[in-house]
Amino acid sequence: MTVENGDPIPAVTGATLADIAENGIWRGASLDINPAVLAVAQALLAALQGTAPTAELPEELRETVNGVRGRAVAAIQRVPVAEGVSLSVFTIKQNTAEPRPVVIVPAGWNPFGWLPFMVGYLSLAARGYHVLAYTPRGMGHPGIYYSSNGFIEVAGPDDRLDGSKMIDHAQGLFAPSKVGLMGLSYGSGISQLVAAHDDRVAAVAALSTWGNLATSLYDNGTRHVEAVKLLIGFTGAGKDEEKQKKKFTEDTWRILQNFLKGRELEEVVAWGAVRSPETYVHLTNARNVPTFYSNTWHESLFPAGEAIATFEQLTVPKHLNLWIGDHGAPEGFGITGFPTIGMPLDEQLRPMAEAYAWLDHHLLGEATEVPTWPVVNSQVMFTYETKGTIGGGRKITKPARREPLHSWSEATTGTEAWHLSGTNGNGDGALSDKPSADWTRPFTAGHLTTAIAMDEIMTTGQEEWSGSPRPYAAADFERDRDRLLVWSTEELAGGRRIRGAATVRLGVRIEKGDAATLVAYLFDVAPDGSARIITHEPFTATGLKPGTDRTVRWTLQPAAYDLADHHRLALVVNSRDPLYSFANEENGADTITVTSLANEEAVLELPLG
């Protein structure tokens, strides 16, 4: 048996599904699709098309496929959207004369287009929706059935118009009662942009989404270079730069190259703003489009802060889920590995089940719990309980606590000032309740240290979601004292409920040049010296004068974190993280000096809730 492109149909077993549950959609630092995800997708497509027996599938998938085949018909089409441009489209059409709603799913950014998310389409079809999934223009391996031709412009105006043309096609094919949009990652941004401009859209579910693409890429004077490098290679062009270049419009390629090289950044910001749902919030609000958001605390592509800021501006029926982990981790199992219809609902499936419930309420008119939901449901980091597994991993035995909120702004009920001191005799500084001025603390800039946000984009966050947060050790920071600075509290009786976005203010001085990058990390340090990261954020100060102090202030990414009784809070500052651009010479001898000026004393403002 073979799939559409002639490859053998992969075997799908319980171990295949367990792989997806543990490792998620993505695999490794190169941002590959997990082979288990593709195995499930190809087997499901073959079973739906009748070219492979459903008996070879695990029971839960077999029952879902048989149920959908008994009520609907699947097909693959190519739909022209412009001269020389046609998109690959996968459809599931309900066998009924009764008008049913359609859910249109623009695929996430990946070289396999709509293919990896077959489980999501089955879950929708089993609920009674027509389904139209498509690969945005330019994405996919050239010439393969799931790929679309044309050139990538990264959720630009043509992508928005393509979404409206998909609605046109869906209306001709299904005559739907209502139109909804659901997307993960790239597809989530496109979904929001289409909904803001097309009055036929009745509801949106935007998963692992962005609100402001400009600040996702470039904020606090710092470029998020590693994410962009990985995404450029994840289009179906591989690592060959000439092949990569041919995937994009000329203008898009020029802007991305300027971004990577740190040139013409004002144009990059303007380009990103056109692609930002936040730019069109007024249109979404005017049309009152019900909008569902999900995002993660340690999001490496679309940081939570920018997504929350856009969400807070929406005045429509809305809901925001904030989860432990990184991009695509919470939704991964429920959209690629295990259907959420007719199955026992565990915590791995809850993120997608709630997205479907949102659509069910607004498109099917079903009596769900959606009207009783809080506007925001915030999962508190690492409050799950786990046990060890064979092989050294962890398994969640009790899910993390979730906190309902009327808005994210109410999460923070107060702040606590922790003032930074000079050294305390052992090379580190203290966080205390009293201001401390006129001290200096130098360190060597441009070096990677043991304080980093994550080992690998998405992979580290998937492990967090699965119950294994990345371990850190305070002793490692001590060994890096010449390349980073540490300030910490004493053990805190009663701990702290950290809710919101912390801010850091400190003075900075350089010996040469005119810029310096500082990366601030907030850690929870246990009595045994083990540590976990709470949040972080980089900041690049420009226009500096050698030998002159300047006070800078920036906001870290928001967090919901419970610091345990008798744990310490540690602030670590270095000059380089693998995720970001940096201003100082790589592995050089430049010195950055952190200072505290009178009346502008260095301070960490901690949000409490």
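A few points on the structure. (Residues numbered from 1 in each chain as written. Predicted model: local features only at pLDDT ≥ 70, side-chain atom pairs only at ≥ 80, totals over all residues. Heavy atoms only, no water.)

Before going further, it helps to examine the overall build of the chain. Along its length, the chain carries 17 helices and 30 strands. In terms of C-alpha radius of gyration, the chain reaches 25 Å, essentially the compact-globule figure of 25 Å for 609 residues. Summarising its shape, the C-alpha atoms of the chain cover approximately 75 × 50 × 45 Å along the three principal directions. Carbon and sulfur atoms provide 50% of the accessible area of the chain, an area that totals close to 22,200 Å². Considering the chain, the positive charge centre built from 51 side chains and the negative charge centre built from 72 side chains are found 2 Å apart. (Helix = DSSP H or I, 4+ residues; strand = E, 2+ residues; numbered from the N terminus. Rg over C-alpha atoms; globule rule 2.2 N^0.38 Å. Areas by Shrake-Rupley, 256 points an atom, 1.4 Å probe, with all protein chains shown as cover. Lys, Arg positive; Asp, Glu negative; His and termini not counted. Charge placed at Lys NZ, Arg CZ, Asp CG, Glu CD.)

Applying the stated criterion across every chain yields a total of 25 salt bridges. Residue R479 is joined to D476 by a salt bridge in which the shortest nitrogen-to-oxygen separation is 2.1 Å. Here D476 and R479 lie together in helix α17 (residues 474-479), a separation of three residues that amounts to about one turn. With a relative accessible area of 61%, R479 lands in the exposed category. With a closest N to O distance of 3.9 Å, R483 and D482 form a salt bridge. By relative accessible area, which is 30% here, R483 ends up partly exposed. Among the charged side chains, a network of salt bridges with common partners joins R401, E403, R497, R499 and D562. (Salt bridge = Lys/Arg side-chain N within 4 Å of Asp/Glu carboxyl O. Buried < 20%, exposed > 50% of the residue type's maximum accessible area, 1.4 Å probe, protein only.)

Next up on the list: the sheet that holds strand β16 (residues 402-405). Taken together, the 10 strands give an open sheet; going across it, the order is β3-β4-β6-β5-β7-β8-β11-β12-β13-β16, and neighbouring strands pair in mixed fashion. Two strands bound the open sheet, and with one partner strand each, they are β3 (72-82) and β16. Taken pair by pair, the neighbouring strands of this sheet meet at an average axis angle of 15°, ignoring direction. Pairing of strand β7 (residues 179-184) with strand β8 (residues 201-207), which is carried by six bridges, proceeds in the parallel orientation. Counted as the bridge partner of G183 is A206 from β8. Lying on the sheet, helix α14 (residues 329-336) is in contact with β7, β8, β11 (291-296) and β12 (318-323); it crosses β7 at an angle near 120°. Set on the sheet, helix α15 (residues 350-364) makes contact with β5 (102-106), β7, β8, β11, β12 and β16; between it and β8 the angle comes to about 175°. (Pairing = 2+ DSSP bridges. Axes fitted to C-alpha atoms, helices over the stretch in contact; angles between N-to-C directions. Contact = heavy atoms within 4.5 Å.)

Given two aromatic rings, one states the distance between the centres and the angle between the planes to describe the pair. In this structure the tally under the stated criterion is 24 aromatic pairs. Seen from their ring centres, F333 and F338 are 5.5 Å apart, and the 40° between their planes marks the pair as tilted. Relative accessible area serves as the criterion here: at 9%, F333 is assigned to the buried category. Ring centres of F382 and Y561 lie 6.0 Å apart, and the angle between their planes is 85°; this geometry places the pair in the edge-to-face category. (Phe/Tyr/Trp six-rings, centres within 6.5 Å; stacked < 30°, edge-to-face > 60°.)

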